[in-house]
Amino acid sequence: MKEYTRVFAEIDLDAVVFNIESMKKNLAPGTGLVGVVKADGYGHGSVPVARAIAPYVEAYAVATAEEALLLHRHGVRKPVLVLGPVHKSHYKSLAEHGIRPVIFTLEQAKELSKEAVRQKRTADFHLAVDTGMSRIGLDADETGAGLAVEICSLPGIRAEGIFTHFARADEEDKNWSDAQLACFLHFVKMLEERGLQIPVKHCANSAAIIDMPKTGLDWARAGISLYGMYPSGEVAKEAVPLQPVMRLKSFVTYVKEIAPGRPVSYGGTFVAEEPMRVATVPVGYGDGYPRNLSGRGFVLIRGQKAPILGRVCMDQLMVDVTRIADVGADTKVTLIGREGDNEIRVEDLAEWGGGFHYEIVCDIGKRVPRVYLRGNEAVGSKDYFEDVYPEF
Ligand SMILES: *Cc1c(COP(=O)(O)O)cnc(C)c1O
């Protein structure tokens, strides 16, 4: 395994397993789990995460055709759902590999049907229903029901599942989610009255898995909680204990003393009021570390909090180590993770900077290699340094 000396993200696959087991315990025995690994597993790496949770899931979900094909290329053979609409030009490869697109218009259904018939296969899909998100899906009314029947009568295609998505399940007040669930179940009943039975019903996301386990139905879609984060501060955390998965680690490159009156970083937004010792850390917003943490929050060095001084640059940031002994070049820095009694969670970064925890992990960039751990041993890694542009 390569030694990374600038910055790397450790991905604790044991924590992923702990989290999915924890969710499973909260759900009815008959509810299967779908591992949501879109956006490269929320920045953690879709393939290693998919591999780790394989014994626990009925299926996987991604957002795009390319993400689904990547899983397939790595040998994932359980059902893979593409939760977002895909361009019709992808239907050929999706059908070839048995990947399930979402369908909610007659045009999409006709294109998929045409392709499935051409390939002499049955293409499974999931029917999206809009019950209050106003993003994608059939309207949950008479027109929608008629459309669903028409879609499902086309040759070569089969509705394996029907689903909807909660817009506000992470809020303490569940009235809106209860209404969405009722709307969804009513629509399913309307279809059944028209003779249409769709095998797999699903609507729960992480927030619903935690707070509304009865919405699990046949499948529940676990995203953020797989990665050890709660969807919001309003859910009942005790119901589903979670362990953080990503740690972001770096090493000090330089330490210097500065005199009072000396500004630090772009714009001189921080000015020393006393003699200080300042450490430079080779991580910045070019790595996805949020620039809105400028002058806010801290990193951990030798188990202690080192506050960020002034603006976060693209590739470097400066921290106060005046009160931390024995800091020099190559001293370990934890930007996300635990050192002794102190811990920095992604949620803390979001709170300090006014950001969003889902977005922070998705944004940890390609310049940050991922190192995968099992039983505290590195079992694999991923970096993008060897990516080349074939045409240039
Ligand atoms: C992203 C997504 C999920 C997962 O949501 P989490 O809050 O991360 O659990 C589930 N369903 C759909 C349709 C999604 O787009």
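Residues numbered from 1 in each chain as written. Predicted model: local features only at pLDDT ≥ 70, side-chain atom pairs only at ≥ 80, totals over all residues. Heavy atoms only, no water.

### Focus on the overall build of the protein chain
- When helices and strands are counted, the protein chain shows eleven helices and 22 strands.
- Considering only C-alpha atoms, the protein chain reaches an extent of 80 × 50 × 40 Å along its principal axes.
- Classification of the 392 residues of the protein chain by burial places 53% in the buried group.
- Look at the contacts in the protein chain between residues 6 or more apart in sequence, and 66% of them connect residues 24 or more apart.
- Carbon together with sulfur atoms contributes 51% to the accessible area of the protein chain, which is approximately 17600 Å² in total.
- Across the protein chain, the mean location of the 46 positive side-chain charges is 4 Å away from that of the 52 negative side-chain charges. (Helix = DSSP H or I, 4+ residues; strand = E, 2+ residues; numbered from the N terminus. Buried < 20%, exposed > 50% of the residue type's maximum accessible area, 1.4 Å probe, protein only. Contact = heavy atoms within 4.5 Å. Areas by Shrake-Rupley, 256 points an atom, 1.4 Å probe, with all protein chains shown as cover. Lys, Arg positive; Asp, Glu negative; His and termini not counted. Charge placed at Lys NZ, Arg CZ, Asp CG, Glu CD.)

### A look at the nonpolar core
- Of all hydrophobic cores here, the largest spans 125 residues; its most connected members are Tyr289, Ile301 and Val319.
- A domain split of this core shows at least three residues from each of domain 1 (31-226) and domain 2 (246-382).
- Excluding residues within four positions of it along the chain, Tyr289 makes contact with Leu248, Val283, Gly284, Phe298, Val299, Ile308, Val312, Leu317, Leu335 and Leu349.
- With eight residues, the next largest nonpolar core counts Ile258, Val278, Leu309 and Cys313 among its residues. (Core = buried A, V, L, I, M, F, W, Y, C linked by side-chain atoms within 4.5 Å. Domains from an automatic or database assignment.)

### Comments concerning the domain arrangement of the protein chain
- Its domain assignment divides the protein chain into domain 1 (31-226) and domain 2 (246-382).
- Taking the mean C-alpha position of each, domain 1 and domain 2 sit 39 Å from one another.
- Opposite the eight residues of domain 1 that make contact, domain 2 presents eight residues.
- When the two sides are added together, the surface that domain 1 and domain 2 hide from each other amounts to roughly 710 Å², 68% of it contributed by carbon and sulfur.
- For the interface between domain 1 and domain 2, the tally reads zero salt bridges.
- For the pair domain 1 and domain 2, the number of links is two residue pairs in polar contact (both at pLDDT 80 or more).
- At the level of secondary structure, the elements contributing two or more residues to the side of domain 1 that touches domain 2 comprise α2 (38-42) and α3 (46-53).
- Here the residues of the side of domain 1 that touches domain 2 are counted per class, giving five nonpolar, three polar and no charged. (Buried area = accessible area lost by both parts, 1.4 Å probe. Salt bridge = Lys/Arg side-chain N within 4 Å of Asp/Glu carboxyl O. Polar contact = N/O pair within 3.5 Å; in protein donor to acceptor, adjacent residues only side chain to side chain. Nonpolar A, V, L, I, M, F, W, Y, C, P; charged D, E, K, R; others polar.)

### Side note on the pairing of strand β3 (residues 57-62)
- With five of six residues buried, β3 lies mostly within the body of the structure.
- Note that β3 and strand β4 (residues 80-82) share three bridges and pair parallel. Bridge assignment links Val62 to a residue of β4, and that residue is Val82.
- Once you follow β3 into helix α4 (residues 65-73) and on to β4, the crossover reads as right-handed. (Pairing = 2+ DSSP bridges. Right-handed = clockwise from strand over helix to strand, strands pointing away.)

### Let's talk about the environment of Thr31
- Summarising the element assignment, Thr31 is placed in the loop between α1 (13-26) and β2 (32-36).
- Note: C-alpha distance between Thr31 and Glu115 (84 residues apart in sequence) is 32 Å.
- Excluding residues that lie within four positions of it along the chain, Thr31 makes contacts with Lys24, Gly216, Leu217, Asp218, Trp219 and Ala220.

### Details of the pairing of strand β16 (residues 298-301)
- Along β16, one buried face is formed by Phe298 and Leu300 and the opposite face, lined by Val299 and Ile301, is buried too.
- Turn length for the β16-strand β17 (residues 304-309) hairpin, with the two strands adjacent in sequence and antiparallel, is two residues, and the turn residue Arg302 shows positive phi of about 50°.
- Summarising the sheet, β16 and strand β19 (residues 332-339) pair through two bridges and their orientation is antiparallel. Note that in β19 the partner of Ile301 across the bridge is Val333.

### Digging into the packing of aromatic side chains
- In total, this model carries six aromatic pairs according to the counting rule given.
- Considering the side-chain rings of Tyr42 and Tyr358, the 6.1 Å spacing of their centres and the 35° angle between planes classify their relative orientation as tilted. Note that Tyr42 is positioned in helix α2 and Tyr358 in helix α11 (residues 357-363), a separation of 316 residues in sequence.
- Ring geometry for Phe356 and Tyr358: centres 4.8 Å apart, planes at 10°, overall stacked.
- Residue Tyr358 is classed as partly exposed on the basis of its relative accessible area of 23%. (Phe/Tyr/Trp six-rings, centres within 6.5 Å; stacked < 30°, edge-to-face > 60°.)

### Quick look at the site of the ligand
- Near the ligand, the surroundings consist of Lys38, Tyr42, Leu83, Arg135, His165, Asn205, Ser206, Arg221, Gly223, Ile224 and Tyr358.
- At 3.4 Å, a side-chain N or O of His165 approaches a nitrogen atom of the ligand.
- Within the side chain of Ser206, an N or O atom sits 2.5 Å from an oxygen atom of the ligand.
- Protein contact buries 92% of the 390 Å² of open area that the ligand shows by itself.
- Across the shell around the ligand, the residue classes tally to four nonpolar, four polar and three charged. (Near = heavy atom within 4 Å.)

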